[in-house]
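This is what each chain is made of:
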Amino acid sequence: MSEKRMLIVDAELVKRIDDNRGDVSRSEFIDFLIESQFKGEKKNQGGVTREEFRQFQEGTKELLRSFLEFFISYGLELGKQPGDNDFEQLSQKLQSLSGSAKVKSS
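Residues numbered from 1 in each chain as written. Predicted model: local features only at pLDDT ≥ 70, side-chain atom pairs only at ≥ 80, totals over all residues. Heavy atoms only, no water.

Draft legend 1. Inspection of the overall build of the chain at higher detail. The helix and strand tally for the chain stands at 4 helices and 0 strands. Mapped in sequence order, the helices and strands of the chain form the string α-α-α-α. Taking all 106 residues of the chain together, the buried fraction comes to 9%. Counting only contacts in the chain whose residues sit at least 6 apart along the sequence, the fraction spanning at least 24 positions is 57%. Of the roughly 9900 Å² of accessible surface on the chain, a fraction of 55% belongs to carbon and sulfur atoms. (Helix = DSSP H or I, 4+ residues; strand = E, 2+ residues; numbered from the N terminus. Buried < 20%, exposed > 50% of the residue type's maximum accessible area, 1.4 Å probe, protein only. Contact = heavy atoms within 4.5 Å. Areas by Shrake-Rupley, 256 points an atom, 1.4 Å probe, with all protein chains shown as cover.)

Set out below in structure tokens:
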């Protein structure tokens, strides 16, 4: 049998452990939580990192910028001249997106 040690924790923590451990002992439950935490560091459990989310945002902005460029050039090729106000608003959006999109070199 393994050596036993005593761990002193707050009463509130013991209550939270007891409320969530079900039929397993406190020791087994704490061991499970610790093992889950260590495995969670190695394997991302369906979440995304900040870097992945930032890359997604930048990709979305780049895609939107490409769509705006396409629709502006498509409208110009058809000969339909957009209203000055509409064109100015689209140009400002396009410039703000291209200014915020960072091009990464591989």
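Let's pick the thread back up.
Draft legend 2. Representation of the pattern of salt bridges. One pass over the structure, following the stated rule, counts 7 salt bridges. When the shortest N-O distance is used, the salt bridge between Arg5 and Glu3 registers 2.6 Å. The exposure classification of Arg5 matches that of Glu3, with both residues exposed. Between Arg21 and Asp18 there is a salt bridge; the shortest N-O distance is 2.9 Å. A single salt-bridge network, built from bridges that share partners, covers Asp18, Arg21 and Arg26. (Salt bridge = Lys/Arg side-chain N within 4 Å of Asp/Glu carboxyl O.)

Draft legend 3. Local environment of helix 1 (residues 11–20). Little of helix 1 sits inside the fold, with 1 of its 10 residues counted as buried. One or two positions beyond helix 1, positive phi appears at Gly22, with a value near 65°.

Draft legend 4. How the structure looks around the packing of aromatic side chains. Applying the stated rule across the entire model yields 3 aromatic pairs. Ring plane angle 25° and centroid distance 6.4 Å describe the contact between Phe67 and Phe71, whose orientation is recorded as stacked. Of this pair, Phe67 and Phe71 both sit in helix 3 (residues 50–77), 4 residues apart, which is roughly one turn of that helix. With 5.1 Å between their ring centres and 70° between their planes, Phe70 and Phe71 make a pair best called edge-to-face. Aromatic rings pair up to connect Phe67, Phe70 and Phe71 into one cluster. (Phe/Tyr/Trp six-rings, centres within 6.5 Å; stacked < 30°, edge-to-face > 60°.)

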